[in-house]
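Residue-level listing of the chains:
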Amino acid sequence: MADTSNVVGGGPKKVLYTLSTIGKMGVGKAAKALTAKNTCKACAYGMGGQHGGMTNELDEFPSVCNKSVQAQSTDIQPPIPEPIFEHTIAELSELSGREMERLGRLGTPLFRRAGSDKFEPLDWDAALDHAAHRLAETDPKRTFFYSSGRSSNEAGFLFQLLARAYGTNNVNNCSYYCHQATSEGLATTIGKGTATVELEDLTGADLIFVIGANPSSNHPRFIHMLKNCRERGGQVIVINPAKEPGLVKFAVPKSPLSMLKGGSDIASDYLQPRIGSDIALFKGLAKAVLEQGTEDRAFIAAYGADFDAFRNDIDTLGWDEITAACGLSREEISRVAEAYGRSRHAVFAWGMGMTHHVHGVANVEAIANLALLRGMIGKRFAGLLPLRGHSNVQGIGTIGVKPVLARDVLKRMEEVFGVSFPEEKGLDTMACLKRAEAGNIDAAVIMGGNLWAATPDTAFSSRAMGAIGFKLFLTTTLNQGHVHGLGDGEVLILPVTARDEEWEPTTQESMFNFVRLSDGGIDRISTVRPESWILGQIGKRVLPDSPVDFDAFSGHAKLRDAIAAIVPGMEELADIDVAKREFHIRNRVLHVPEFGTMDGKAHFVVTPIPALEKGKLMLASVRSEGQFNSIIYEETDSYRGKAGRYSIFLSMADMAARGLTEGQRVKVRSAVGEMEGIATSFDLPAGSVLAYYPEANVLIGTEVDPRSKTPAFKSVPVDVAAA
Ligand code: SF4
């Protein structure tokens, strides 16, 4: 079994690991990078900015964490030595993701000619001219633009402006592979798309649900808030098929007492439903709340809508159906409902364990139902908190890197720039790739990220990416997506500044809707360029007669003026660099029950329980402690018994039923592919399997939630047998 018996999240080992990473970076360089006034580059919990590096918006210091140090360690590397490019692309493609990241920073534009097996360094003028030439000769309708959530609001805004002025709405960001279901599910219920709480609300909550998330690895500083909640007598209820050691006990580096006593208790209760059965559990919790009579009738009467249909659905649902679906007993569900019934201020936090399903939107709606049932949205210290991944993934969506803009936003953009933009609906990420696979995409502009590795069904991903005749990447480092799925077409890779190296200040939005200002200005590699500068240079070359003055947009103040004039709630962005005043986006945080729906009410939604495929195990792909999205920093997972990247985690019961022993080689088969791995027992409910992302992408199909267009990264029917 993955030996997690002595595993405590955080603690002295993590502190030592962080110190050793800092040591490798060089203490001086690390201190400069970590203390400068820039937003943390890793997760969207949000840290840094004008409050100072390692400081949050409540002015708590220091809040440095392992994830942020890891992200910095990549950026402060020297440039990749040029002899590396004498190797063939086939040779480079043999490197692991971690080895690719460790080659160093990309310091020169790289060009791969059609059919060639080598990259050749290029000077900037030649690279920009060629990028512009290829885009100018391509039908914009046969292109797409994709951005990761690392880029700034300024670069993101210019990115989508360039795409639309060029002639396509095929503009999207990585949220289609993460939290798009959250945006959709919150729109139908409360008429919003993001968190309803700010960071300070966590300091007064008496119950925090942590659902389908592992913040001990992915949002480390959130654990501090969970620990504090427990210490003031509150409850932390974790809902997760896997018993994650870091959510049971965590030694919080910021707290000497927590470190001294070998860790603080995090979860006060821990429910482990079967993978993919959350709706049944949420309906069970709602049923128990109604049976116990702890619903907030006054709130529902004053602010709710469609409650009768919701209640009828819950009343007619039997406990047998609920418990059979989720694998939990009525007593366990009722116990948690009682704790919820006692709460006066509950926060519901969830991660991609909720959104990575073909019913991800319904999962989010079911969470919102549960919160509304007790009036937990629209007051201080209570509400909804989607745990977003990349540091500006929310901001990138806010400023318009998406295929469909609200009509009023599009209209204002046309007025501000004096341009008519295309009106047809753009394509989401998977639809773009399906179109590419069919041979109908000739060029793609990809800013950050690793779209090849992030896409499910690796064989499909290679076919789709390989069929694109011209790929333009903007990146700080090389990753596997720059050497796999290249096909025979041309590839141009342009090296960009990291956030703290930007020539002008940039802004980012956290998952609490808090907009930070990053100073930038650190000079590490003189040959890299800001994304906004590159996009401006390409824009003026591709569209020389456009009324949009692309050249002027190297000045970020102009971009922020445009965003402030166009995007609702972002007015304060206009003078953020002068006033140095960071802010919460207007009308996002809900401290009063004013909902964004057409009728101003909060809508209960009936969420059917999805049918599970009989006779199959259900696999969820997961991240490790030493990983950030598709970037691998450590080959073993210190929070899961030092498990390797190809571990296949199974319950003891499923191991025994298949005659498998610990460490045995096994083969996992799904409808789309197979992979070999190492059988590793883990505390999971029977019928559930975990494997690491992105390696497990070979098993995951391209089917998406029809409402969010998000693939089912976390509910894949599989068989597991001895290899
Ligand atoms: S919790 Fe997230 S935002 Fe905060 S320091 Fe860690 S990685 Fe950065």
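Residues numbered from 1 in each chain as written. Predicted model: local features only at pLDDT ≥ 70, side-chain atom pairs only at ≥ 80, totals over all residues. Heavy atoms only, no water.

Peer 1: A description of the pairing of strand β30 (residues 716-722) should follow, citing residues and the corresponding values.
Peer 2: Direction of pairing for strand β21 (residues 617-622) relative to β30: antiparallel, over a ladder of three bridges. When the sheet's bridge partners are listed, Met618 is paired in β30 with Pro717. Pairing of strand β27 (residues 665-669) with β30, which is carried by four bridges, proceeds in the antiparallel orientation. Of the residues in β30, the one forming a bridge with Val666 is Ala722. (Pairing = 2+ DSSP bridges. Helix = DSSP H or I, 4+ residues; strand = E, 2+ residues; numbered from the N terminus.)

Peer 1: Could you give an account of the domain arrangement of the protein, with specific residues and numbers?
Peer 2: Each assigned domain of the protein is listed here: domain 1 (9-75), domain 2 (103-174 + 410-567), domain 3 (180-387 + 596-603) and domain 4 (617-722). The centre of domain 3, based on its C-alpha atoms, is set 25 Å off from the matching centre of domain 4. Contacts between domain 3 and domain 4 engage 29 residues on the former and 28 residues on the latter. At the boundary of domain 3 with domain 4, total buried surface from both sides reaches about 2,200 Å², with 54% on carbon and sulfur atoms. The interface formed by domain 3 and domain 4 holds two salt bridges in total. Ionic pairing is found between Arg640 and Glu244, a salt bridge with its closest N-O pair at 2.8 Å. Remark: the boundary between domain 3 and domain 4 carries eleven residue pairs in polar contact (both at pLDDT 80 or more). Residue classes in the side of domain 3 that touches domain 4 are distributed as eleven nonpolar, 13 polar and five charged. (Domains from an automatic or database assignment. Contact = heavy atoms within 4.5 Å. Buried area = accessible area lost by both parts, 1.4 Å probe. Salt bridge = Lys/Arg side-chain N within 4 Å of Asp/Glu carboxyl O. Polar contact = N/O pair within 3.5 Å; in protein donor to acceptor, adjacent residues only side chain to side chain. Nonpolar A, V, L, I, M, F, W, Y, C, P; charged D, E, K, R; others polar.)

Peer 1: Any details on the UniProt feature "domain: Molybdopterin dinucleotide-binding" (unreviewed entry) in the protein? Residues and values, ideally.
Peer 2: When the UniProt feature table is mapped onto this chain, "domain: Molybdopterin dinucleotide-binding" (unreviewed entry) is found at residues 617-717. Strand forms 38% of residues 617-717 and helix 6%; the C-alpha atoms that close the span are 6 Å apart. (UniProt positions renumbered as here; feature names shortened; annotations may be inferred.)

Peer 1: So what's going on with the packing of aromatic side chains? Which residues, and what values?
Peer 2: Scanning the entire structure with this criterion turns up 20 aromatic pairs. Aromatic pair Tyr45 and Phe222: ring centres 6.0 Å apart, planes at 45 degrees, arrangement tilted. With Tyr45 in the loop between α2 (27-35) and α3 (66-75) and Phe222 in helix α10 (residues 222-231), the pair connects residues that are 177 residues apart, well separated along the chain. Of the residues examined, Tyr45 reaches a relative accessible area of 3% and is grouped as buried. Centroid distance Phe157 to Phe417: 6.3 Å. Interplanar angle 40 degrees. Geometry classified as tilted. Separated by 260 residues along the polypeptide, Phe157 in helix α7 (residues 153-166) and Phe417 in helix α21 (residues 407-417) bring together distant segments of the chain. (Phe/Tyr/Trp six-rings, centres within 6.5 Å; stacked < 30°, edge-to-face > 60°. Buried < 20%, exposed > 50% of the residue type's maximum accessible area, 1.4 Å probe, protein only.)

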